[in-house]
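# Summary of the model geometry
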Amino acid sequence: EMEDVFRPNRTGVNDLMVAFGEIERVLCDVAGLQASLGEDAHRLTEAVDLVQGLVKDVGALEARMNLIGINAVIACTGLGQDGLPLKVIAHQLRDLVEDSGRSVGRMQGDLDAMRSAAQGVADLLARQAEETQQIQSGLETQVTRGLTQLRAALGEVRGAVAANQLQMTGGIQDGITAMETH
C-alpha cells in the first residue's frame, strides 16, 4: 500500500486535481445559469413595467368614461320622462366604469407584487452569482495552490523514501559483504 502511494502518478493528488477541476467546471456552469436566470428575471420585471403602463392607460380611460357617464346622467335629467331609459343606461355605464376602476386597482397591486418578486429573484441570483465566483476564486487560489504544494511535498517524500531504500539496500549489501569476508 505504501509503495502505491509513492508510485509516480498514483499519489491521489492527481485525482484531487481532477476532482477540483470538475468542481470548478460545475461552478462555471452554475454561474452561467445564475446569470441567465438573472437576465430572465430582469426581462420579467421589464414586462411587468410594460403591463403596468397599459393598466395605467386603462385607468385613465376609466376616469374619462366615468366623466362621460356623469355628463350623460346630467343630460338625461334635463330630458324628463323621455330621458329615463338613457339615464338608466348611463347609471349602468357608470357602475361598469367603477367596477373596472376597482379591477384596475387590483391589477396594479398584483403587478406591483409581481415586479417586487421578480426584482427579489434577480437580486438573489446576483448575490448567488457573486458567491459562486468567490468560491471559484477560492478554489483557484487556495485549493489549487495547496494541491500543488502537496504534490511537491509528496515528490520530496518519494525521493527521500527512494534514497532511504537505496541506502538501506547498500547498507545491507555492505553488511553481507563484511560477513562474507570474516
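Below or above, wherever it landed, is the structure these notes cover.

Attention shifts here to the overall build of the protein. Scanning the protein for helices and strands turns up 3 helices and 0 strands. Listing each helix as α and each strand as β along the protein from the N terminus yields α-α-α. Computed over its C-alpha atoms, the radius of gyration of the protein comes to 40 Å, more than 25% above the 16 Å expected for a compact globule of 182 residues. By principal-axis analysis of the C-alpha atoms, the protein measures approximately 145 × 25 × 15 Å. Classification of the 182 residues of the protein by burial places 18% in the buried group. For the protein, the proportion of contacts with a sequence separation of at least 24, taken over those separated by at least 6, is 86%. When the accessible area of the protein is evaluated, it comes to approximately 12,800 Å², of which 62% is carbon and sulfur surface. Each charge class in the protein can be summarised by its mean position, and for the 15 positive and 26 negative side chains these summaries are 8 Å apart.

Below, the discussion takes up the side chain of Gln52. Within the secondary structure, Gln52 is located in helix α2 (residues 13–77). Dropping the residues within four chain positions of it, Gln52 is found in contact with Gln108, Leu111, Asp112 and Arg115.

Counting across every chain of the model gives 6 salt bridges. Asp40 is the partner of Arg43 in a salt bridge, and the nearest nitrogen-oxygen pair spans 2.2 Å. With a gap of 3 residues between them, Arg43 and Asp40 both fall in helix α2, about one helical turn apart. The exposure class of Arg43 is partly exposed, given its relative accessible area of 47%. Overlapping salt bridges bring together Glu22, Arg25 and Asp29 as one network.

Attention now moves to the side chain of Glu62. Note that Glu62 resides in helix α2. Among buried charged residues, Glu62 stands out as having no salt bridge; its nearest opposite-charge side chain is Arg102, 8.2 Å away. Setting aside residues no more than four positions away along its own chain, Glu62 makes contact with Val97, Ser100 and Gly101.

A word on the environment of Leu84. Here Leu84 shows up in helix α3 (residues 84–181). Once the C-alpha coordinates of Leu84 and Val73 are considered, the two residues, 11 residues apart in sequence, prove to be 9.4 Å apart.

This paragraph deals with a nonpolar patch on the surface. A cluster of nonpolar side chains, namely Leu61, Met65, Ile68, Leu93 and Leu96, defines an oily patch on the protein surface of about 450 Å² accessible area. Those elements that provide at least two residues to the nonpolar patch are α2 and α3. Here the nonpolar patch gets 3 residues from one element, more than from any other, and that element is α2. Summarising the element assignment, Leu93 is placed in helix α3.

Analysis parameters
Residues numbered from 1 in each chain as written. Predicted model: local features only at pLDDT ≥ 70, side-chain atom pairs only at ≥ 80, totals over all residues. Heavy atoms only, no water. Helix = DSSP H or I, 4+ residues; strand = E, 2+ residues; numbered from the N terminus. Rg over C-alpha atoms; globule rule 2.2 N^0.38 Å. Buried < 20%, exposed > 50% of the residue type's maximum accessible area, 1.4 Å probe, protein only. Contact = heavy atoms within 4.5 Å. Areas by Shrake-Rupley, 256 points an atom, 1.4 Å probe, with all protein chains shown as cover. Lys, Arg positive; Asp, Glu negative; His and termini not counted. Charge placed at Lys NZ, Arg CZ, Asp CG, Glu CD. Salt bridge = Lys/Arg side-chain N within 4 Å of Asp/Glu carboxyl O. Patch = residues over 30% accessible without salt bridge, like charges linked within 9 Å, V, L, I, M, F, W, Y side chains within 5 Å.

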